[in-house]
Every structure is written in C-alpha cells, then in structure tokens.
Amino acid sequence: QVQLVESGGGLVQAGGSLRLSCVAPSAVFRICTMGWYRQAPGKQRELVATITNDGSTIYSDSVKGRFAISRDSAKNTVYLQMNSLKVEDTAPYYCSAKWGPLDYWGQGTQVTVSS
C-alpha cells in the first residue's frame, strides 16, 4: 500500500501561519501531480492546491494569495505554506498523488483556526 505521510497541522489563531508537509515514495513523487484537499464536517472534499511534476500550480479561489504549494524533489516532499489563516480554513487537510489511474491519499492532518 502506498503511504503519503502528512504533518504540520495544529491549532493557530486567525491571522497566523502553518506549513504542512507530505512525504511520498520516490517513484510516486517523480511522476504524480501532488495536491492538498480539505473536507470540513458536513462539506464535500474540496481542492486547495495542486502542483505538477514541472511545477505548474492551481489554487482554489478561496486561498489564492494566502497559500503556496511547492515541491522538494530531493526530499520527495510537497509543502503547503498557509498564511493569514481564517476560521473557515479549519478542516482536515489531505495530501494526494495522482497520475492517470493512480490516485493515492494520505490520512490527513488537522488544521484548526481559532478566533
């Protein structure tokens, strides 16, 4: 079973910052588009950001200008830098790896933003 290991979640006050990390197996990381998704209770899972193997990025309108996704090929790691956090950003955040029929997910890391 392919494992994506997320870390970096926690409790922060509104306006604060967090940096999430996701480590993938090297073979998966080299070929897959990596991404971050979130799913708050009672809501559908939504895209936060994705980054392709060549570095192209896509962001949800709700996080543009506040979040930044990046890849470190030497560490097989994708990051999500989250700044100016809002209460509505509160959710479990899931790392994904996708390439054609490949579709892998991490177990999630909780982000909680307080007023």
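Quick caveat: nothing in here was measured; it's all calculated off a predicted structure.

Asks: What should I look at first to understand the side chain of Thr77 in this one?
Replies: Counting through the fold element by element, Thr77 comes out in strand S8 (residues 77-82). A polar contact is formed between the side chain of Thr77 and the backbone oxygen of Lys75, at a distance of 2.8 Å. With residues up to four places along the chain from it excluded, the contact list for Thr77 reads Ser21, Cys22, Val23, Phe29, Ser70, Arg71 and Asp72.

Asks: Just to check I follow, could you spell out the environment of Asp89 for this structure?
Replies: Mapped onto the secondary structure, Asp89 falls in the loop between S8 and strand S9 (91-99). As for Asp89 and Gly42, which are separated by 47 residues in sequence, their C-alpha atoms are 14 Å apart. In contact with Asp89, other than residues within four places in its own chain, are Arg38, Arg66, Phe67, Ser84, Val111 and Val113.

Asks: For this particular structure, what's the right way to read the side chain of Ser60?
Replies: For Ser60, the position within the fold is in the loop between strand S6 (57-59) and strand S7 (67-72). Among the polar contacts listed, one links the side chain of Ser60 to the side chain of Ser62, at a separation of 3.0 Å. What Ser60 contacts, discounting residues up to four positions off in sequence, is Leu47 and Val48.

Asks: What exactly am I supposed to notice about the pairing of strand S5 (residues 46-51) here?
Replies: Each regular strand displays side chains that alternate between the two surfaces of the sheet. Bridge analysis of strand S4 (residues 33-38) against S5 gives five bridges, and the strand direction is antiparallel. Bridge assignment links Trp36 to a residue of S5, and that residue is Ala49. With three bridges joining them, S5 and S6 adopt antiparallel strand pairing. Note on S6: the bridge partner recorded for Thr50 is Ile58. Here S5 hands over to S6 after five residues, with Gly55 in that stretch at a positive phi of 95°.

Asks: How do you make sense of the packing of aromatic side chains when you look at a structure like this?
Replies: Each pair of aromatic rings is reported with the distance of its centres and the angle of its planes. Across all of its chains, the model carries one aromatic pair by this definition. Summarising the aromatic geometry, the rings of Tyr37 and Trp105 are spaced 5.1 Å apart at their centres and angled 65° between planes, so their arrangement reads as edge-to-face. Placement of the pair is Tyr37 in strand S4 and Trp105 in strand S10 (residues 102-105), with a sequence separation of 68 residues. Residue class for Tyr37 comes out buried when judged on its relative accessible area of 14%. Above the plane of the ring of Tyr94 lies Arg45, whose end atom (NZ or CZ) is 4.6 Å from the centre. Stacked on the ring of Trp105, the Lys or Arg Arg45 has its end atom at 4.4 Å from the ring centre.

Asks: Which parts of the structure should I look at to understand the nonpolar core?
Replies: Taken as a class, soluble globular proteins show a tendency for nonpolar side chains to be buried jointly. Ranked by internal contacts, the top residues of the largest apolar core, which has 28 residues, are Met34, Trp36, Leu80, Met82 and Tyr93. In terms of residues, this core owes the most to one element, S9, which gives four residues. Once residues within four sequence positions are removed from consideration, Leu80 is found in contact with Leu18, Arg19, Leu20, Trp36, Val48, Ala49, Phe67, Ala68, Ile69 and Tyr93.

How each quantity is defined
The numbers attached to residues start from 1 for each chain and follow its sequence in the written order. Given that this is a predicted model, residues contribute local features only at a pLDDT of at least 70 and side-chain atom pairs are listed and counted only at 80 or more, while totals for whole chains, interfaces and linings are drawn from all residues. Each side-chain value is derived from all of the structure's non-hydrogen atoms; neither hydrogens nor water enter the calculation. Helix and strand labels come from DSSP, where a helix needs a run of H or I of at least four residues and a strand needs a run of E of at least two; each type is numbered from the N terminus. Polar contact is defined as a pair of N or O atoms within 3.5 Å, subject to the rule that within protein one atom must be able to donate a hydrogen and the other to accept it, and that residues adjacent in sequence are counted only when both atoms are side-chain atoms. By definition, residues are in contact when any of their heavy atoms lie within 4.5 Å. Strands are labelled as partners when DSSP assigns at least two bridges between them. Centres within 6.5 Å are what make two rings of Phe, Tyr or Trp a pair, Trp counting through its six-membered ring; a difference in plane orientation under 30 degrees is then read as stacked, over 60 as edge-to-face, and the rest as tilted. Buried means the residue's accessible area, taken with a 1.4 Å probe over protein chains only, is under 20% of the maximum for its type, while exposed means over 50%, and partly exposed covers the values in between. Ring-over charges, as used throughout, are those where CZ of Arg or NZ of Lys falls within 6 Å of the ring centre and within 35 degrees of the ring normal. Throughout this description, the term nonpolar core refers to a set of buried Ala, Val, Leu, Ile, Met, Phe, Trp, Tyr and Cys residues connected via side-chain atoms within 4.5 Å.

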